[in-house]
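Fold and contact review
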Amino acid sequence: MRRFSQRNSLVTLNEINITPLLDLAFVLLLIFIITRPMLEQSMDLKLPKGGKTPGKVEAKDRLTVEIGPQGIYKLNGRQMPVGPMLDQIKNMTRGNPNAFVSIRTDKKAPSEYFYAVMDGCQKHEITRFELKTAPE
């Protein structure tokens, strides 16, 4: 037997079911929560203990150099040899007086990799550095 309702079959439905939209919003929120730490660190480095960073810095002023234990260099997340990396740092700091080099080195990496970056920067007259350590 057919059930009759007060609605006419030709009337459109004016209600939106937001349950699927909420599900999608929660899934996207979880994806961003999970991927955010991976975006901040492109290399898994074991940093030595250190102090706190003073104040806030704009992201455009920071040039992050990461040095892995096998001598792998990354500039702002892109892997490259030390020579072209230093040339690119020189070009990036030329137009920005507030730019500085933030160096993250694995504690098991030989110090010669770190010195290569420091010496190269100083030869290009780049003297503003930040040495990243593990937070307390």
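Placed above this text is the structure.
Residues numbered from 1 in each chain as written. Predicted model: local features only at pLDDT ≥ 70, side-chain atom pairs only at ≥ 80, totals over all residues. Heavy atoms only, no water.

Here's the deal with the overall build of the protein
As a reminder, the rule being used: Segments assigned H or I by DSSP are reported as helices when at least four residues long, segments assigned E as strands when at least two residues long, and all are numbered from the N terminus. Working definition: with a 1.4 Å probe on protein chains only, accessible area under 20% of the residue-type maximum means buried, over 50% means exposed, and in between means partly exposed. We call two residues contacting when some pair of their heavy atoms lies within 4.5 Å.
Each helix and strand in the protein was counted, giving three helices and five strands. In the protein, the order of α-helices and β-strands from amino to carboxyl end is α-β-β-β-α-β-α-β. Looking at the protein residue by residue over its 136 residues, the buried ones come to 27%. By sequence separation, contacts in the protein at least 24 residues apart represent 72% of the contacts at least 6 residues apart.

Here's the deal with the packing of aromatic side chains
Condition: Centre distance within 6.5 Å is the pairing criterion for rings of Phe, Tyr and Trp, where only the six-membered ring of Trp is used; planes under 30 degrees apart are then read as stacked, over 60 as edge-to-face, and the remainder as tilted.
For the structure on display, the rule yields two aromatic pairs. With centroids separated by 6.3 Å and ring planes inclined at 85°, the aromatic side chains of Y73 and Y113 adopt a geometry described as edge-to-face. Of this pair, Y73 sits in strand 2 (residues 73-75) while Y113 sits in helix 3 (residues 111-123); the two residues are 40 residues apart in sequence, bridging distant segments of the chain.

Topic: the nonpolar core
Quick note on the threshold: Here, the term nonpolar core denotes a set of buried Ala, Val, Leu, Ile, Met, Phe, Trp, Tyr and Cys residues that are joined through side-chain atoms within 4.5 Å.
Within the largest apolar cluster, 15 residues are counted, with the highest numbers of intra-cluster contacts made by V65, L75, M85, I89, V101, I103 and V117. At the level of elements, strand 1 (62-67), strand 2, helix 2 (82-94), strand 4 (100-105) and helix 3 are the ones that each hand at least two residues to this core. When near neighbours in sequence (up to four residues on either side) are disregarded, I103 contacts V65, I67, F114, V117, M118, F129, E130, L131 and K132.

Description of a positive patch on the surface
Under the convention used in this document: The patch calculation keeps residues exceeding 30% relative accessible area without a salt bridge and links them within 9 Å when they carry like charges or within 5 Å when they are nonpolar (Val, Leu, Ile, Met, Phe, Trp, Tyr). For the accessible areas, the method is Shrake-Rupley and the probe is 1.4 Å, while residue cover comes only from the protein chains on display. One side-chain nitrogen of Lys or Arg within 4 Å of one carboxyl oxygen of Asp or Glu is enough to make a salt bridge. Residues counted as positive are Lys and Arg, residues counted as negative are Asp and Glu, and His and the chain ends are not counted. The atoms used to mark charge sites are NZ of Lys, CZ of Arg, CG of Asp and CD of Glu.
Residues K46, K49, K107 and K108 make up a contiguous surface patch of positive charge. Within the secondary structure, K49 is located in the loop between helix 1 (19-40) and strand 1.

A word on the pattern of salt bridges
Following the criterion strictly, the structure yields two salt bridges and no others. Note that R62 and E130 form a salt bridge whose closest N and O atoms lie 3.3 Å from each other. Placement of R62 in strand 1 and of E130 in strand 5 (residues 129-131) is noted, with a sequence separation of 68 residues between them. When the shortest N-O distance is used, the salt bridge between R104 and E66 registers 2.4 Å. Remark: E66 occurs in strand 1 and R104 occurs in strand 4; sequence separation between them is 38 residues. Exposure class is identical for R104 and E66. Each is buried.

Re the pairing of strand 4
Here is the rule we go by: Here, any two strands with at least 2 DSSP bridges between them count as paired. By definition, the crossover connecting two strands over a helix is right-handed if that path, from the first strand to the second, turns clockwise as seen with the strands pointing away from the viewer.
Where burial is concerned, most of strand 4 is hidden: six out of the six residues are buried. Burial of strand 4 is two-sided: the residues F100, S102 and R104 facing one way and the residues V101, I103 and T105 facing the other way are all buried. With six bridges connecting them, strand 1 and strand 4 associate as parallel partners. Within strand 4, the residue paired with V65 across the bridge is I103. Inspection of the sheet shows strand 4 paired to strand 5 by three bridges, in the parallel sense. Looking at strand 5, one finds that S102 is bridged to E130. Taking the sense of rotation as the criterion, the β-α-β connection linking strand 4, helix 3 and strand 5 turns out right-handed.

Thoughts on the pairing of strand 1
Residues in a regular strand project their side chains so that they alternate between the two faces of the sheet. Among the six residues that make up strand 1, five are buried, leaving the element largely enclosed by the rest of the structure. Where strand 1 lies against strand 2, three bridges are found, and the strand directions are antiparallel. Across the sheet, residue E66 finds its bridge partner in strand 2, namely K74. Hairpin remark: strand 1 followed by strand 2, antiparallel, with five residues in the connecting loop; positive phi at G71, about 85°.

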